[in-house]
Every structure is written in structure tokens, then in C-alpha cells.
Amino acid sequence: MINLAALRAASGKDANSRSVFPHFTSNTDLHTLAPWLDGVGTVLAAVTDDIDGEARGASPDIGADQFVPAAGTTTPLAGTYTIGSGGTYPSFSAAAADLTLKGVSGAVTLNVLTSATAYFEQVTFLEVPGASSTNTITIQSQSGNAADVQSVLCRQRG
């Protein structure tokens, strides 16, 4: 698998690079929302302001835009959450987006609420910041019986 660690090992470069989803505002507005890029840039004497003319300061952000992440995006997830009507997340897509934006700081369990409603979504889970062999992400039926949840198929890309 090609990833940042493999690139570093093969090239001996990119020691200061990060591999995170940039969470651009839109396809045409490339301002980022990713808290993982906040304050982790390198100060360059030749670059004193960002693309919008805002000062870079002593802890610049990675990329062309200096930004302050939204307060609700800076705390990584850990613990148990639910997916489904009335749950923490109304859909798999919402859970995947939150995981990718916030990352994890401990093991995360996503319990899929069982109901008469089937889940019909096609979701790609991108690499989740902080996920590891100990900071795992588990998706399971809340009841413990996989047959209680219809049409669940997950594919991880990364």
C-alpha cells in the first residue's frame, strides 16, 4: 500500500508532510476546515501573510490559508456513538464525515440502530486521523445481532 510512511521510506523526504483529508469548503473554494492542519506549518521569513492577506504568525497553518478551526471540530472522537434515526449520526455518511474531520483519540464503536428501516447508503471511509491498532473503529449492530441491520456494506479506502 502506498502511503506517506512508504513515500518517506522510499524517498528520504517529506519528513514534515501530513496525510489528512483537507476538507475544503467546496470544490471551488479551497479554504480548509481541517483542524489537523492548524498551527503545524513551518515559519518562512518570506511568507508573512496568507492568500487572503491575513498574517501568518508564529504558528502558521499548512496550506495557503491561515484559519481558526471551528470549536466543534477540534476534539477527536472516542467512545460509543450510534448511527440511525434518533442516534448520534443520522447516517453512515454523517459518521464517516465526522470521523474524517475530527479523527479519533481512542477506540470508537459505532452502534447501528436496529429498526424496520433498511440502510441504503454507499459510503467510503477515508483514512481517519489517530486511528491505529489500539484506536480502532468498530461498526456493529446495536443489538449485537448483525442480522438485525439490513444492507450494511462498508469499504475502506486508503
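Cut-off values and rules
- Residues numbered from 1 in each chain as written.
- Predicted model: local features only at pLDDT ≥ 70, side-chain atom pairs only at ≥ 80, totals over all residues.
- Heavy atoms only, no water.
- Helix = DSSP H or I, 4+ residues; strand = E, 2+ residues; numbered from the N terminus.
- Buried < 20%, exposed > 50% of the residue type's maximum accessible area, 1.4 Å probe, protein only.
- Contact = heavy atoms within 4.5 Å.
- Pairing = 2+ DSSP bridges.
- Axes fitted to C-alpha atoms, helices over the stretch in contact; angles between N-to-C directions.
- Core = buried A, V, L, I, M, F, W, Y, C linked by side-chain atoms within 4.5 Å.

Sorry, what's going on with the overall build of the chain here?
When helices and strands are tallied, the chain shows two helices and five strands. The N-to-C order of helical and strand elements in the chain reads α-β-α-β-β-β-β. Seen through its principal axes, the chain has C-alpha atoms that stretch 60 × 35 × 25 Å. With 158 residues in all, the chain has 31% of them scored as buried. Taking contacts inside the chain between residues at least 6 apart in sequence as the whole, the part at least 24 apart equals 61%.

Would you take a moment to explain the sheet that holds strand 1 (residues 77-83) for this structure?
Backbone hydrogen bonds hold the strands of a sheet together, and the pairing may be parallel or antiparallel. As summarised here, the arrangement of the three strands in space is 1-2-4, forming an open sheet in which the pairing is parallel. Lying at the two open borders of the sheet, with one neighbouring strand each, are strand 1 and strand 4 (137-141). Recorded for the sheet is a direction-independent mean angle of 15° between the axes of neighbouring strands. Two elements, strand 1 and strand 2 (residues 104-112), share six bridges in a ladder whose sense is parallel. Bridged to Tyr81 within strand 2 is Leu110. Its contacts with the sheet place helix 2 (residues 92-102) against strand 1, strand 2 and strand 4, and it is angled at close to 180° to strand 2.

Honestly, the nonpolar core in this entry has me stumped. Any pointers?
Nonpolar side chains in soluble globular proteins tend to end up buried together. Within the largest apolar cluster, 18 residues are counted, with the highest numbers of intra-cluster contacts made by Leu77, Tyr89, Leu99, Val108 and Leu110. At the level of secondary structure, the elements contributing two or more residues to this core comprise strand 1, helix 2 and strand 2.

Help me understand the side chain of Ser91, please; the structure alone is not making it clear to me.
Following the sequence through the fold, Ser91 ends up in the loop between strand 1 and helix 2. In this structure Ser91 touches Ile83 and Glu121, once residues within four positions along its chain are discounted.

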